[in-house]
Amino acid sequence: MARRSLLVAALSLAASLLVASSLVLNAAGKPPAGSASGVGTVFFPNPVADLGDETLTDQKDADYAALAPAYRDKVLTNLDGSGFLVGDWANIVSETGAPAYSPSNEFRYRRDDDRFEQVMAYYWVTESQKYIQSLGFGTTLRPVNQKSQNVRINQWGLDNSFATTHKDELRFGKGGVDDAEDAEVILHEYGHAIHFSQNFVFATEEAGAISEGFGDYWAVTLGNFLAPTPDPACVADWDSVSYTASVPHCLRRVDRNLHYPADLNGEVHHDGQIWSRALWDIRQAVGHVRADTLILEAQFDFPGTSMSDLAAATVVTANRLYGRAVANQVRGAFVDRGLQ
Ligand SMILES: [Ca+2]
Ligand SMILES: [Ca+2]
Ligand SMILES: [Ca+2]
Ligand SMILES: [Zn+2]
């Protein structure tokens, strides 16, 4: 046994030397950022939507048999080559469990291992930024949150993930289903990070509602681009099994028939559903590439006034980017909500 484990150790040392020597070192002797790809096991976007099974429950973070088909291996890109989940577009820190570490960049864990959520956060944050850049942001258009986003996973008992400007950090808690086990929760929070990076001013309740609505929309637009599911308008199908009784389980939806201003009730997440429905209708009308480009472009430097103000700015942006026909479709979606 001892001889065999020595052999294994020697082989793995040789393998890691091989990996190290294949990296091009820069002047500081460190591998260049974004030099490495790897593989990680993730939910895509979450087990309830992926498997179409509304009976799945948290079961105290157990890795039970019905979840097995929901684990998918995906390529992790833009890693910095350190062996940690750190790279061009995401920097993952965890206060629960060990930090995921793999010199060969293989991050295969299940949900009962706290490192699984770290992989989820790295994958979905990185894919968000890659998608944004694929639309032209950072090349033909201004960059949007084009940096390594800090993410912290902690033991916080409340079921409430949040983005904070103070530390420019996304945080994911562990109430009910661990928040970062649902890609749509990660994407929602990344939506707030997008707003922070765009100098979006959170001056009013309506500005807060727009940000919540945009976060829900971001969860749905990117979730359904990468990982389409049969009920695309349902947000956080998996996280919400812990706190919703009715089926389908959804934290919120982006296709509710709410109107401005009659349906405003002063709660930002609720009111945000007016905004997210408008964005969803724009996406249905003009497709996700044009919708996401014009929506992101219109949000820069929003002074935090009202939903109708940002709706008007979005129509103007649509006209500038794509012409009158698309602008009229965008206006129509806002007219349907009472926002134009
Ligand atoms: Ca977990
Ligand atoms: Ca949760
Ligand atoms: Ca969903
Ligand atoms: Zn939010």
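Computed from a predicted model, the values in this text were never measured in an experiment.

Student: I'd love a proper account of the confidence of the model for the protein, names of residues and values included.
Tutor: Across the protein, pLDDT averages 90, with 87% of residues at or above 70. Contacts for the low-pLDDT stretch residues 1-31, under 50 throughout, to residues beyond four places or in other chains number 12 contacts.

Student: A description of the nonpolar core should follow, citing residues and the corresponding values.
Tutor: If you look at the biggest cluster of nonpolar residues, it comprises 87 residues, and the most contacted ones within it are V119, M120, A121 and I186. Not counting residues within four places of it along the chain, the set of residues in contact with I186 comprises M120, A121, W124, V125 and A180.

Student: Tell me about helix α8 (residues 307-322), residues and numbers included.
Tutor: In this model α8 runs 22 Å from its N-terminal to its C-terminal C-alpha over 16 residues, within 8% of the 22 Å that 1.5 Å per residue would give. Every buried residue of α8 is listed here: M307, L310, A311, T314, V315, T317 and A318. Looking down the long axis of α8, one finds its buried residues gathered within 165° of arc, a one-sided arrangement. The inward-facing, buried residues of α8 abut α5 (205-226), α6 (268-286), α7 (288-299) and α9 (324-337). Directly after α8, the chain includes G323, whose backbone phi takes a positive value near 95°.

Student: I'd like a description of the sheet that holds strand β2 (residues 72-79), backed by residues and values.
Tutor: The strand order across the open sheet formed by three strands is β2-β1-β4, and the pairing between neighbours is mixed. The sheet is open, and its two borders are formed by β2 and β4 (106-107), each paired with just one other strand. Of the strand pairs in this sheet, strand β1 (residues 36-42) and β4 are connected by two bridges, and their pairing is parallel. Among the inter-strand pairings, V39 is bridged to a residue of β4, identified as E106.

Student: So what's going on with unusual backbone geometry? Residues and values would help.
Tutor: Between F44 and the following residue, P45, the backbone shows a cis peptide bond with an omega angle of -5°. Relative to the helices and strands, P45 resides in the loop between β1 and α2 (47-51). With an omega of 0°, the peptide bond between Y260 and P261 qualifies as cis. Relative to the assigned elements, P261 resides in the loop between β9 (252-253) and α6. The phi angle at Q59 is positive, at roughly 50°, despite the residue not being glycine. Inspection of the secondary structure assignment puts Q59 in the loop between α2 and β2. Its identity is not glycine, yet D61 carries a phi of approximately 65°, on the positive side. Relative to the helices and strands, D61 resides in the loop between α2 and β2.

Reading the values: the criteria
- Residues numbered from 1 in each chain as written.
- Chains lettered and ligands numbered in written order.
- Predicted model: local features only at pLDDT ≥ 70, side-chain atom pairs only at ≥ 80, totals over all residues.
- pLDDT = per-residue confidence, 0-100.
- Contact = placed C-beta atoms within 7 Å.
- Core = buried A, V, L, I, M, F, W, Y, C linked by C-beta atoms within 7 Å.
- Buried ≥ 20, exposed ≤ 12 C-beta atoms within 10 Å, placed from the backbone.
- Helix = DSSP H or I, 4+ residues; strand = E, 2+ residues; numbered from the N terminus.
- Expected span 1.5 Å × (residues − 1).
- Arc of directions from axis to C-beta.
- Pairing = 2+ DSSP bridges.

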